[in-house]
Amino acid sequence: MRETRTAPVAQKFERKVSATGVRPGLNSLQSFPRGMECIDPLGLGIIDNKSLRLITEASESSPSKTDRDYLDSNLREKLMYFSEKFDAKLFLARIHQDTSAADLEAGAVALKTDLKGRTQQRKQLVKDNFDCFVSCKTTIDDIESKLKRIEEDPEGSGTSHLYNCMKGVSSLANRAFEPLFERQAQAEKIRSVQGMLQRFRTLFNLPSTIRGSISKGEYDLAVREYKKAKSIALPSHVNILKRVLEEVEKVMHEFKGTLYKSMEDPKIDLTNLENTVRLLLELEPESDPVWHYLNVQNHRIRGLLEKCTLDHEARMESLHYEMRERALSDAKWHQIQQSLAPSSDVDYSLGNDQLLVDSQPLALTGEEVDALRGRYIRRLTAVLIHHIPAFWKVALSVFSGKFAKSSQVSDASTIKNEEKVGEGRYSSHSLDEVAGMICNTISVYEQKVHSTFRDLDESNILRSYMSDAIKEISKACQAFESKESAPPIAVMALRALHAGITKIYILRLCSWMRASTDSISKEETWVPVSILERNKSPYAISYLPLAFRSVMTSAMDQIYLMIQSLKGETTKSEDMFVQLQEIQVSVRLAFLNCFLDFAAHLEHIATELAPNKSSNESTHLQNGYSYEGEEASSVDLPGSVVNPHQRLLIVLSNIGYCKDELSSELYNKYSHIWLQSREKDEDESDIQDLVMSFSGLEEKVLEQYTFAKANLIRTAAMNYLLDSGVQWGSAPTVKGVRDAAVELLHTLVAVHAEVFAGAKPLLDKTLGILVEGLVDTFLSLFHENKEKDLRSLDQNGFCQLMLELEYFEAILNPYFTADARESLKSLQGVLLEKATESASEVVENPGHHRRQTRGSEDTASEDKQHGMTVSPDDLIALAQQYTSDLLEAELERTRINTACFVESLPLESAPESAKAAYASFRGPMDSPSRNNRSAQPAGSPSFSRQRRR
């Protein structure tokens, strides 16, 4: 069907070719009238004028006419199926680019069928007309041979002769008309250029117009002209127009560079920035101008931080140089002083000081260095506070759509297009990226602050350098928490930095507390403070507890302020709450450990003062203490205590003051710091633990003090009992209390006065221990010397000792403990046994006793008979008689001692015996001891013969 449809057209085409004798090209095909068709070699249809126009348009891409003609003919030959250069692939790509695969396969089948049919027809045609073909071939060969002979004849009328003649004529014509043709061509070119210049006059003036607009600040007009030039469709083969456009692009490139440069101005306001970004967006820049601005500002902030670092390093170097110069100046002054003094090695010392300064590096410590570090942190923080909020506000404006709107452009379509361009430009970036930039900057700031804060000298911890640095960071946190001032992640990072720095500061304060406690404990001056300084405390403390209190309050006050600054942040973050609890636990432990450390130092001081028990009889020790070096260390301190007993008492006072007053006072004052993380019972257990620690230490030091005093009392007891010149086996008649007893009591009076003035709350306990120790000492001395000095005790000696024991009991009654009373009963029982034994020995061995020179057997018999009648009840009755007769008078005679012991406590709370002794100053009354003794049945003494220990 397709062959029958296209056959007439093919016949017409063949007839057209045979009639004209010219093979039609594309131009001739394009000139076909509407409806004139060309056969498709695939057999799919026809090639109409539209398809031919496609072929023509495909060939019109070259710049010059000559080149276009060449390409047209070349392309035609490749597209025409009857051409020798026919390109089937090009034909299919150009003509059948929209044809389906099924149609192409059908066309291929049709072509194969047609080719096969034509081949058969050609064979049949040759077979039928073979004679005609042979005749035609012979005729053609004859004609060819005749033509060759004509051409070879030089005088003949061949084509070569005609060609040469025409060539000569053409040469003459060219010589005649060549200048005219050249001028005509030049005129055509000039007219062409003139027309082009007239047509593109605006385009040629565009570079200077744009430059003028830019120089006048009319940036919108310059952009408008540039966009107008970009919209003009220019012929691509006109090179001069290309150069004009290149010049325009160069001007606008410089203009864009100027706009980019203007965004680097740190003082640019938001309006100018928006206008600059809008202009850059209209100029279609290679990179996002807003992102460029954000990067520039971020790098500028980082640069400011680095500049702060460089300035700080320069100042530190300058300060180091000044410190070295001062050290050199001091060394020179030292050299001058040495040179003035006569010395054999002056020259050596001069060089030695210089060498010492040069060889040893100077440590960058002190207030000047910390002041520079504090200033450095303040400058770093000022950079953040001043620049980050503005930077973040611009970013919010950009990504919220409120920034760089092309509101100054009147064309609504242009506005929409630019907004679309802006949205596409921002699609590769997000607000989170800006937040990441800010966090990186804060990370740099954090590293610098951390490093500098750790370098701050701990010796200046109570000064304002560290706390001011924390305040600066807190100020930055408050600035960032304002509306639209910083991303939340940056605020969290800065808050974490603030918490971390605060934690470091608090831990350093805790460390400083313990280190300062150790330091002040080595500087005991042994100078008791006044009663006003210790706030009327009954403990006569030294300056050591007050110095410890000052250290604790100074550190804890700072810690309290830091804790308060962190409590407001715990509601915003669970991590902050956990971190705050950890800090509170650390502070509590440091607080308690400081008290324990101070107690340990007090214990160490007491240990150094403690008597050497194994060497208490050495000649170089006095009262159990070595005085060597003690006086020398305190001789320059006015009012300092030198006596080691009194120093021990000061240690006891310091311990008691810490136990009863200081620990509870400071704990109650600062317990609210960690109160939220602990129960009330736990707080009470802390106080109890502190009190128990100091109580145990108090017992230990009190034992040392009483041991030292017990040595004195033992010496006094030995003087009273053994070295007073009394022979207890033949004692004189009892006349009252001996001076040795009063001297023994004076030892306790001195202790009473010492403890009353130094550690009044420990008075009863101390004297109770010493009184008990005194009675035990009597028992110990009696047992040690019962075979020597006390091997015999007559009734006078017994009555003398019993009177004086009653005297001691009456005066020291407030301090007699139950154990002391039991020991006293044991002592009295031992004396009674000894006196009874001695009386029995006198009866049995009368010769052992010294008698009067005049005597007889009757007298001896009477004495023996008298001795046999002495019984324990008689001795007790006799001792009570002496006590009743002499005790009140002796108490009146030595009333000052009695008053000393009674006035230490209210009279209403004193035992009855003490009241009676005190009442003897106002009027006579029966001795309670005598009344007690008289109430006992005779012959049955109530004295215990067992010692307490």
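The preceding data block contains the structure.
A quick note: this is a predicted structure, and the numbers were derived from the prediction, not measured.

Draft legend 1. Local environment of the overall build of the protein. From N to C terminus, the protein includes 34 helices and two strands. Counting only residues that meet the buried cut, the protein has 40% of its 949 residues in that class. Sequence separation of 24 or more characterises 78% of the internal contacts of the protein that already satisfy a separation of 6 or more. Within the structure as shown, the protein displays about 53300 Å² of accessible surface, and the carbon and sulfur contribution to it stands at 53%.

Draft legend 2. Just the pattern of salt bridges, in detail. For the coordinates displayed, the defined rule picks out 29 salt bridges. The partner of Glu 458 in a salt bridge is Arg 508, with the nearest N and O atoms 3.9 Å apart. Here Arg 508 lies in helix H20 (residues 488-521) and Glu 458 lies in the loop between helix H18 (431-455) and helix H19 (464-480), a separation of 50 residues in the sequence. For Lys 475, the salt bridge goes to Glu 472, with nearest N and O atoms at 3.5 Å. One end of the pair is Lys 475 and the other is Glu 472, both in helix H19 and three residues apart, which spans about a single turn. When its relative accessible area of 13% is taken as the criterion, Glu 472 is described as buried.

Draft legend 3. View of the side chain of Ser 83. Position of Ser 83 relative to the elements: it lies in the loop between helix H4 (65-79) and helix H5 (88-95). Among the residues examined, Ser 83 registers a relative accessible area of 17% and is labelled buried.

Draft legend 4. Structural detail: the nonpolar core. Ranked by internal contacts, the top residues of the largest apolar core, which has 191 residues, are Leu 294, Met 513, Ile 559, Phe 591 and Phe 798. The biggest single contributor to this core is helix H22 (residues 574-609), with 15 residues. What Leu 294 contacts, discounting residues up to four positions off in sequence, is Phe 391, Val 394, Ala 395, Phe 399, Val 434 and Met 437. If you look at the next biggest cluster of nonpolar residues, it comprises five residues, including Met 316, Leu 319, Met 323 and Val 369.

Draft legend 5. Looking closely at the environment of Ala 879. Inspection of the secondary structure puts Ala 879 in helix H31 (residues 872-893). Taking the C-alpha atoms as reference points, Ala 879 and Met 802, separated by 77 residues in sequence, lie 6.3 Å from one another.

Draft legend 6. View of the side chain of Thr 883. Residue placement: Thr 883 occurs in helix H31. Overall, the relative accessible area of 4% leaves Thr 883 in the buried class. Dropping the residues within four chain positions of it, Thr 883 is found in contact with Leu 803 and Glu 806.

Draft legend 7. Quick peek at the packing of helix H28 (residues 795-811) against H31. Where H28 meets H31, the axes come as close as 9 Å, and the angle between the chain directions of the two elements is 50°. By the criterion of interaxial angle, the relationship of H28 to H31 is oblique. As for the relative orientation of H28 and H31, their crossing is right-handed in sense. Judged by residue contacts, Gln 795, Asn 796, Phe 798, Cys 799, Met 802, Leu 803, Glu 806, Tyr 807, Ala 810 and Ile 811 of H28 engage Leu 875, Ile 876, Leu 878, Ala 879, Tyr 882, Thr 883, Leu 886, Leu 887, Glu 890 and Leu 891 from H31. Residue composition of the contact of H28 with H31, grouped by class: 15 nonpolar, three polar and two charged.

Draft legend 8. Fine view of unusual backbone geometry. A positive phi angle is found at Glu 484, which is not glycine, with a value near 55°. Mapped onto the secondary structure, Glu 484 falls in the loop between H19 and H20. You will see that Asn 535, though not glycine, has its phi angle at about 60°, which is positive. Mapped onto the elements of the fold, Asn 535 is located in the loop between H20 and helix H21 (543-567). Look at Asn 535 and you get exposed, because its relative accessible area is 64%.

Draft legend 9. Expanded view of the packing of aromatic side chains. Summed over all chains, the structure comprises 14 aromatic pairs. One aromatic cluster is present, formed by Phe 548, Phe 591, Phe 595, Phe 598, Tyr 667, Trp 674 and Phe 694 through successive ring pairs.

Draft legend 10. Quick peek at the environment of Ile 655. Position of Ile 655 relative to the elements: it lies in helix H24 (residues 644-670). Residues Ile 655 and Ala 759, spaced 104 residues apart in sequence, show a C-alpha to C-alpha distance of 10.0 Å. Leave out the neighbours within four places in its chain, and Ile 655 touches Leu 602, Phe 694, Leu 697, Glu 698 and Val 701.

Calculation rules
Residues numbered from 1 in each chain as written. Predicted model: local features only at pLDDT ≥ 70, side-chain atom pairs only at ≥ 80, totals over all residues. Heavy atoms only, no water. Helix = DSSP H or I, 4+ residues; strand = E, 2+ residues; numbered from the N terminus. Buried < 20%, exposed > 50% of the residue type's maximum accessible area, 1.4 Å probe, protein only. Contact = heavy atoms within 4.5 Å. Areas by Shrake-Rupley, 256 points an atom, 1.4 Å probe, with all protein chains shown as cover. Salt bridge = Lys/Arg side-chain N within 4 Å of Asp/Glu carboxyl O. Core = buried A, V, L, I, M, F, W, Y, C linked by side-chain atoms within 4.5 Å. Axes fitted to C-alpha atoms, helices over the stretch in contact; angles between N-to-C directions. Parallel < 35°, antiparallel > 145°, perpendicular 65-115°, else oblique. Left-handed = near helix turned anticlockwise from the far one by under 90°. Nonpolar A, V, L, I, M, F, W, Y, C, P; charged D, E, K, R; others polar. Phe/Tyr/Trp six-rings, centres within 6.5 Å; stacked < 30°, edge-to-face > 60°.

Honestly, it's all geometry; don't read function into it.
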